[in-house]
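Descriptive structure summary
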Amino acid sequence: MINTDVLVIGAGLAGERTAIELASQGFQVIIISLVPPKRSHSTAAQGGMQAALGNMAKSQGDSTDIHFEDTVKGSDWGCDQDVARLFVNLAPIAVRQTAAWGVPWSRVEPGPRKLPDGEVVQELLEKEGLIAARDFGGTKKWRACYASDGTGHALVYAMDNVTLQLGIEVHDRAEALALIHDGQRCYGAVVRDLRTGELRAYHARATVIATGGHGRIYGHSTNGIINEGTGMSIALDTGVVPLGNMEAVQFHPTGVVPGDILISEACRGDGGYLLDKNEHRFMPDYEPQKKELASRDVVSRRMVQHMRKGFGVESTYGPHLWLDIRHLGKKHIEVNLREITSICRDFLGVDPVRKIVPVRPTQHYSMGGVRTNIAGRAHGLAGLYAAGEASCWDLHGFNRLGGNSVAETVVAGTVVGKSIARDLEWLDFPYSEQAVAAMAEDTTQMVQERILRLRAGGKEYVYDLRNQMSNVLMEKVGVFRKGAELQEAVDELAELCQRSKHLGLRSSGVGANPEVAAALRLPGMVRLAFLIAYGALKRTESRGSHAREDYPFRDDIHWLKRTLARWAPGADLPTLDYEPVRITEMPPGDRGYGESKVLAVEEKVRA
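The structure reproduced in this document is the subject of the present report. (Residues numbered from 1 in each chain as written. Predicted model: local features only at pLDDT ≥ 70, side-chain atom pairs only at ≥ 80, totals over all residues. Heavy atoms only, no water.)

Moving on, we get to the nonpolar core. Counting 81 residues, the largest nonpolar core has Ile209, Ile217 and Leu493 as the members making the most contacts within it. Element by element, the count of residues in this core is highest for helix H15 (residues 514-538), at 16 residues. Other than its neighbours up to four places away in sequence, Ile217 contacts Glu228, Met469, Ser470, Leu473, Met525, Leu528, Ala529 and Ile532. With 60 residues, the next largest nonpolar core counts Ala45, Cys79, Phe87 and Ile420 among its residues. (Core = buried A, V, L, I, M, F, W, Y, C linked by side-chain atoms within 4.5 Å. Buried < 20%, exposed > 50% of the residue type's maximum accessible area, 1.4 Å probe, protein only. Helix = DSSP H or I, 4+ residues; strand = E, 2+ residues; numbered from the N terminus. Contact = heavy atoms within 4.5 Å.)

For the coordinates displayed, the defined rule picks out five cavities of 30 Å³ or more. Here the largest cavity defines a volume of roughly 130 Å³. Ser233, Ile234, Leu520, Arg521 and Gly524 are, among the 16 residues lining the largest cavity, the residues nearest its centre. Sorting the residues of the lining of the largest cavity by element identifies strand E9 (174-181), helix H5 (230-236) and H15 as the ones contributing at least two each. Of the residues forming the lining of the largest cavity, the biggest block, six residues, is contributed by H15. Its volume calculated, the second largest cavity comes out at about 40 Å³. Taken together, Val249, Phe251, Asp297, Ser300, Arg301, Val479 and Ser545 make up the lining of the second largest cavity. Take the lining of the second largest cavity: its biggest share by element is three residues, from helix H8 (residues 296-311). Across the lining of the second largest cavity, the residue classes tally to three nonpolar, two polar and two charged. (1 Å grid on protein atoms, 1.4 Å probe; cavity = no way out; pocket = protein on both sides within 12 Å on 5 of 7 lines; lining within 4 Å. Points joined across faces, edges and corners; volume = space filled by probe spheres on them. Nonpolar A, V, L, I, M, F, W, Y, C, P; charged D, E, K, R; others polar.)

Here helix H14 (residues 483-499) contains 17 residues, and its C-alpha end-to-end distance of 24 Å stays within 8% of the 24 Å for a straight helix at 1.5 Å per residue. For H14, every residue scored as buried is listed here: Gly483, Leu486, Ala489, Val490, Leu493, Leu496 and Cys497. Considered in projection along H14, the buried side chains sweep an arc of 140° and stay on one side of the axis. Where the residues of H14 are buried, they touch helix H13 (462-476) and H15. (Expected span 1.5 Å × (residues − 1). Arc of directions from axis to C-beta.)

Taken as a whole and judged by the stated rule, the model has 51 salt bridges. Among the ionic pairs, Lys73 bridges to Glu69, the shortest N-O distance being 3.2 Å. Highlighted residues: Lys73 and Glu69, both in helix H2 (residues 64-74), separated by four residues, approximately one helical turn. Of the residues examined, Lys73 reaches a relative accessible area of 15% and is grouped as buried. Among the ionic pairs, Glu334 bridges to Arg345, the shortest N-O distance being 2.8 Å. Remark: Arg345 occurs in helix H10 (residues 338-348) and Glu334 occurs in helix H9 (residues 330-336); sequence separation between them is eleven residues. According to the relative accessible area criterion, Glu334 is partly exposed, its value standing at 30%. Taken together, the shared-partner salt bridges connect Asp76, Glu247, Asp297, Arg301, Arg539, Glu541, Arg543, Arg554, Asp556 and Arg591 into one network. (Salt bridge = Lys/Arg side-chain N within 4 Å of Asp/Glu carboxyl O.)

In space, the three strands of this open sheet follow the order E3-E7-E6, with antiparallel pairing throughout. Each edge of the sheet is formed by a strand with only one pairing partner; in this case those strands are strand E3 (49-50) and strand E6 (133-134). (Pairing = 2+ DSSP bridges.)

The next thing to look at is the packing of aromatic side chains. Given two aromatic rings, their pairing is described by the distance between the two centres and the angle made by the two planes. Considering all chains together, one arrives at six aromatic pairs under this definition. When the centroid spacing of 5.7 Å and the interplanar angle of 90° are considered together, the rings of Tyr218 and Phe251 count as edge-to-face. Here Phe251 lies in strand E13 (residues 249-256) and Tyr218 lies in the loop between strand E11 (199-209) and H5, a separation of 33 residues in the sequence. A residue is classified by how much of its surface remains accessible, and Phe251, at 7% relative accessible area, is buried. Between Phe530 and Tyr534 the ring centres are 5.3 Å apart and the planes differ by 40°, which places this aromatic pair in the tilted class. With Phe530 and Tyr534 both in helix H15, this residue pair falls four residues apart, about one helical turn. (Phe/Tyr/Trp six-rings, centres within 6.5 Å; stacked < 30°, edge-to-face > 60°.)

Here's what the structure looks like:
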């Protein structure tokens, strides 16, 4: 058994920032990761990191109050407003700190500049060299700080360098399969070495889940192939830790067709247009003010609506629309959108300087995750924490604004790291080494028995079930949802949950075997898929990314609350509970974009 003060599961931005905060205060930290940190999915973040700096001409007057308002409206009043306030206050500090660590943020260049709509603005000389920002959807001010369109890449490389400087251990190509706990406190995790197939136990005074999202349970996702919801699954397996708002799944408007690789919101923020099969710019017809820069849930729905009307471009891979950035010019595209240019040229054979790019809404982000309080402490299990996309902190409510997730990883990592440091310094975590060793041995034995059952052979094949799960979600729990289809999805996924108990292998199952890894993950993935469908079925309203065609109104009277899902070990079905969304500053109102259909509360909701 390997001992450490803190075990961080996940080496993306949230995980490494948490580890840095703790290591800088003298605690021993070990990070477990499926891949080397510089290959984490955080590197795929392209467009920007939201922080109210106010350095640009179109940022003047920006403040943390305006950022707060944008975040609450973006969440469709589903977020925790105390968390949102903490976040917007810390985001400017976080972006400046990363600059000190070496992130090459794009900088303000003084002088006149012509915007795509013809407006000419004057960037001030006194702002020269300060961190620049671009326009992103759902915001009143230009606020997304960026490093060309490789923001995540720049952040990860800088942060990983700090991790190395602090001597933080990273055990990569390893996967956490189960948490070690007694139903009240978490003591670490059992981990499988993906190089050898061997199991080892980690004992930690504090354990952090920072494994990112679950996008790969959908058939089409912008997420990397490692984003399968592992951290959420092992928390759910405890039976006592709830997952929050799992029905809240964001679709990004511009995934490329085919391949579903993300085309950054920066393209639209810099002035790109969405076109239909007639090369007509249709978004102003639906959203005359925000146009392509309404929030992501609104733009995705408008795109699907437009394709349903017959204006989609038919292709071998299904209908799609076009993204046009040609009018931005060769220099702008190849400097500020160079990663997008490479993706289009390398994966589609399309040069965006000269041609329009095929795009459609694609699963992108999970607002749901391990439910935590404002300090990042997981509900239900002491000693367990979560940060980033794997958590339901709950900054995003039912829709995340572009750029807020990158900022959240850095801010939440800082907050969680400080919380753990305080807990470890002042709180006595009582445990018997013998008792923890016995728990670790029992948990390891449980995982080993799962592997032996797979080798013994069941009738179900992991990839068949996985494809069925993904198809059910894409077809019936997508951008638009209906009660009848959701019920079908729940029934089909319940059956897949049962079938996933009888998986067998077509390989030997020995050593570094990818089929074993897939088979160990699949039951948890199917349970996450079930929670998404089940929570969506029960939530009889539309809010943010959760759009019910049979319940088109946002219902603040009955549904201004957060879903909490628990799944007891051995149970066939989960239990859903609800907690009220605390309104501490900004009462529910009109978002200012998208269709305004609200069943409003009769009086202000206060904490």
